[in-house]
Amino acid sequence: MAGEREQWGSGTGFVLATIGSAVGLGNIWRFAYVAGENGGGAFLIVYVLSVLLVGAPIVIAEMALGRQAGGDAATAFERAAPNSRWPLVGWLGIVSSCLILSYYAVIAGWALKYLAGGMLGTLWRTAGTDYGGYYARFIANPGEPVAWQMAMLAVAMLVVTGGVQRGIEVVNRYLMPTLAVFVVGLAVYSATLPGAGAGWRFLFLPDWSALTDPHVIIAALGQSFFSLGVGMAVYITYASYMSPQTRIPVNAGAIILGDTLFAILAGLAIFPAVFAFGMNPEAGPKLAFITLPQIFLAMPAGKVIGALFFLLLSAAALTSMVALLEVPVAAIVHRTPLKRWGAVLIVGLTVFVVGIPLAMSYGVLSDIKVGGRALLDALDQAVSNYLLALAGLLVALFVGWRWGRHNALAAADLDRAAVGAAWLWLLRVVAPLVIGLILLNALVGV
Ligand code: PHE
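Once a new chain begins, its residue numbering starts again from 1 and follows that chain's sequence as written. Confidence filtering applies because this is a predicted model: local features only for residues at pLDDT of at least 70, side-chain atom pairs given and counted only at 80 or more, and all residues used for totals across whole chains, interfaces and linings. Side-chain calculation: all heavy atoms of the structure are included, whereas hydrogens and water are not.

A helix here means a DSSP run of H or I that spans at least four residues, while a strand means a run of E at least two residues long, and both kinds are numbered starting from the N terminus. The number of helices and strands found in the chain is 18 helices and two strands. In this description the radius of gyration comes from C-alpha coordinates, and the expected globular size is given by 2.2 Å times residues to the power 0.38. Against the 2.2 N^0.38 benchmark of 22 Å for 446 residues, the chain shows a C-alpha radius of gyration of 21 Å, consistent with a compact globule. Any pair of residues with heavy atoms lying within 4.5 Å of one another is described as a contacting pair. Taking the intrachain contacts of the chain between residues at least 6 apart in sequence as the baseline, contacts between residues at least 24 apart amount to 81%. Accessible surface is estimated by sampling points in the Shrake-Rupley manner with a 1.4 Å probe; for residues, cover comes only from the protein chains shown. Accessible area for the chain stands at about 16,500 Å²; split by element, carbon and sulfur atoms hold 69% of it. Positive and negative side-chain charges of the chain, numbering 23 and 19 respectively, have mean locations separated by a distance of 4 Å. In this tally, Lys and Arg are treated as positive and Asp and Glu as negative; His is ignored, and so are the chain termini. The location of each charge is read from NZ of Lys, CZ of Arg, CG of Asp or CD of Glu.

Listed below in C-alpha cells is the structure:
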C-alpha cells in the first residue's frame, strides 16, 4: 500500500494536466481522419451534441467518483459501492487504458519520426511534395516504426516515474498553452490558402442525409469519448490527486471546452489544406501525416514551423500517454508493494510488446485485416466505439442510479445548483439511452 498519497501542486496544475490528457492525437490525427471518413459537417454536429449531452456529464461523474475515493479506478467503485461487482467497471477502464496506450504509442512514434525528419531536413527533401511516398517508405520498414514507438514510450515512462507533481504536472504546465497558440496560428494560415473555402464547407456544411447513417453516429460518439478521454478511468485517477477545494463543474467545463475547441481548430488547420492541395479527406489514419507536411512546405518559413508543429504534436501525444500510463500504474502502486518505477516498467514493457504488431500493421503486417481495416485501425475502432462506450454507459448508470442522488450531487459539487438536476437527468436517461441504442444497434449488426 502506498503511504502518503500524492496531490497536484495546484488547481491550475490539475486542469492543465487533465486538458493535457484530453488534448492529444485524438484532436488532430484522429478527429481529422474520422471526420473525413464520415462526411465532415454532419459528423461535426453529432460530435458536438454527443460531447455536450453524453460525454460532459460522464466526465463530471468520473471526476466525482475519483475525488471521493482518493485511490485508483477500481477503488473508486469499491468505496462508493462496497461488496458489489461495480469495481469491474474500474478494471474495464484500466484495461482499456492499456489497450489504447499500446497503439497510441505507435502513432505518437510517427509524430516523433516526423519531428526528427523536420529537424534534420529529410522530411522536406522528399521528392516534390510526395508525402504519400514518404509516409509509405517509413511505414513499410519493419524496424523503424517500432523504434519510434519505443522512444515515445520511454519518454512517457520517465515522466510518470517522476510522479504526479514533479513529472506529470510540470510537463503539462508548459506544453499545453504553447500548443494552443500554435493550432490557432495554423488554422489562420490554412484559411488563406487558395481553395480553403471548400475545407470550411466540408467541416461546417452538413449533409443532412448522413445523420440517418448509424455509422456516422457511432463514429461521432466514439470520437467524442476518445477525445475527451471518457471511459478510460483517466478522470477517476487524475481526480484522485485533486484537493477538495477544487470545484469539479468549473474544471470539467474548462476541459471539455478546451478539448472541443482544439479539435475544431485542428480541423480548420487540416481540411482547408486537404482541399487546397487536392487530397482525399477520406485517407484514413494517415491523413494528418500526409497533408500537414505539405502545408508546411508551401508556407514561408514552413520548415521551421513544421518542425515546431511536430514537436508540439509529439508533446500533446506525450501528455495523453502519460495519463493513459498513470491509470494502470496508480492501480499497481495502490495494490502491490511495488514502487512507482517498478509499476511503470511492467506496464510500459507490456504495452510495448503488445504494440509491436500494431506498429507493423501498415507495413510488413499490412496483409492482416480485421473487418477490412489494418490491425491498429481495427483495435482503435473496437476500443473507442465499443469498449469506451460500454464503460461510459456503466459509469452513467452507476453514478445516476446506484450511487445515490445525494452522494452523487455532493461529490460533484453540484448539490446547490439547479444544474445538478439537469446533470443527473442526462446521466440517468439521456446518456444510457443514447449509448444503449448504439451498442444494441452494433450488436445486431449495423
Ligand atoms: N484524449 C486523448 C486524445 O484525444 C487520448 C486519451 C484517451 C488520453 C484516453 C487519455 C485517456 O488524444
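Near the ligand there are 14 residues, and of these Ala22, Gly26, Tyr104, Phe226 and Ser227 occur at the shortest range. Counted as a polar contact is a pair of N or O atoms within 3.5 Å, where, for protein atoms, one must be capable of donating a hydrogen and the other of accepting one, and residues adjacent in sequence contribute only when both atoms are in side chains. At a separation of 3.2 Å, an oxygen atom of the ligand approaches a polar side-chain atom of Asn27. Residue Ser227 places a main-chain N or O atom 2.9 Å away from a nitrogen atom belonging to the ligand. For the ligand, the accessible surface in isolation is 320 Å², of which the surrounding protein chains cover 100%. Contributing elements (two or more residues each) for the shell around the ligand: helix 1 (11-22), helix 2 (25-37), helix 10 (214-228) and helix 14 (302-335). When residues of the shell around the ligand are assigned to their parent elements, the largest contribution, three residues, is made by helix 2. In the scheme used here, Gly and all other residues not listed as nonpolar or charged are polar, with Ala, Val, Leu, Ile, Met, Phe, Trp, Tyr, Cys and Pro taken as nonpolar and Asp, Glu, Lys and Arg as charged. Across the shell around the ligand, the residue classes tally to seven nonpolar, seven polar and no charged. By convention in these notes, a residue is near a molecule or strand provided one of its non-hydrogen atoms lies within 4 Å of it.

Quick look at the environment of Ala266 now. Tracing the backbone through its elements, the reader meets Ala266 in helix 12 (residues 248-276). Ala266 sits 80 residues away from Leu186 along the chain, and the two C-alpha atoms are 8.1 Å apart. Apart from residues no more than four positions distant in its own chain, Ala266 is found in contact with Asn27, Ile28 and Val183.

What follows is about helix 2. The span one expects for a helix is its residue count, reduced by one, times 1.5 Å. With 13 residues, helix 2 extends 17 Å from end C-alpha to end C-alpha; this agrees with the ideal 18 Å at 1.5 Å per step. At Phe31, helix 2 shows its maximal bend, which comes to roughly 40°. Extensive coverage of helix 2 is indicated by the burial of twelve of its 13 residues. Buried means the residue's accessible area, taken with a 1.4 Å probe over protein chains only, is under 20% of the maximum for its type, while exposed means over 50%, and partly exposed covers the values in between. For helix 2, the full list of buried residues reads Leu25, Gly26, Asn27, Ile28, Trp29, Arg30, Phe31, Ala32, Tyr33, Val34, Ala35 and Gly36. The first or second residue beyond helix 2 is Gly39, which carries a positive phi of 90°. The quantity called bend is, for any residue, the angle between two axes fitted respectively to the seven residues ending at it and the seven beginning at it.

Let us look at the environment of Arg137. Looking at where Arg137 falls in the secondary structure, it is placed in helix 6 (residues 131-140). Measuring from C-alpha to C-alpha, the distance between Arg137 and Gly363 comes to 8.9 Å, with 226 residues separating the pair along the chain.

Turning to the side chain of Ser97, a few remarks are in order. Note on placement: Ser97 falls in helix 5 (residues 87-120). Overall, the relative accessible area of 0% leaves Ser97 in the buried class. Once you skip the residues sitting within four places of it in the chain, Ser97 turns out to touch Met232, Leu324, Val327 and Pro328.

Attention shifts here to the nonpolar core. Grouped together as the largest cluster of nonpolar side chains are 166 residues, with contacts concentrated most on Ile58, Leu65, Phe289, Phe310, Val399 and Trp423. At 18 residues, the largest contribution of residues to this core is made by helix 14. Contacts of Ile58, omitting those with residues within four sequence positions, involve Phe225, Val230, Gly392, Val395, Ala396, Leu427, Ala431 and Ile435. To qualify as a nonpolar core, a set must consist of buried Ala, Val, Leu, Ile, Met, Phe, Trp, Tyr and Cys residues joined through side-chain atoms within 4.5 Å.

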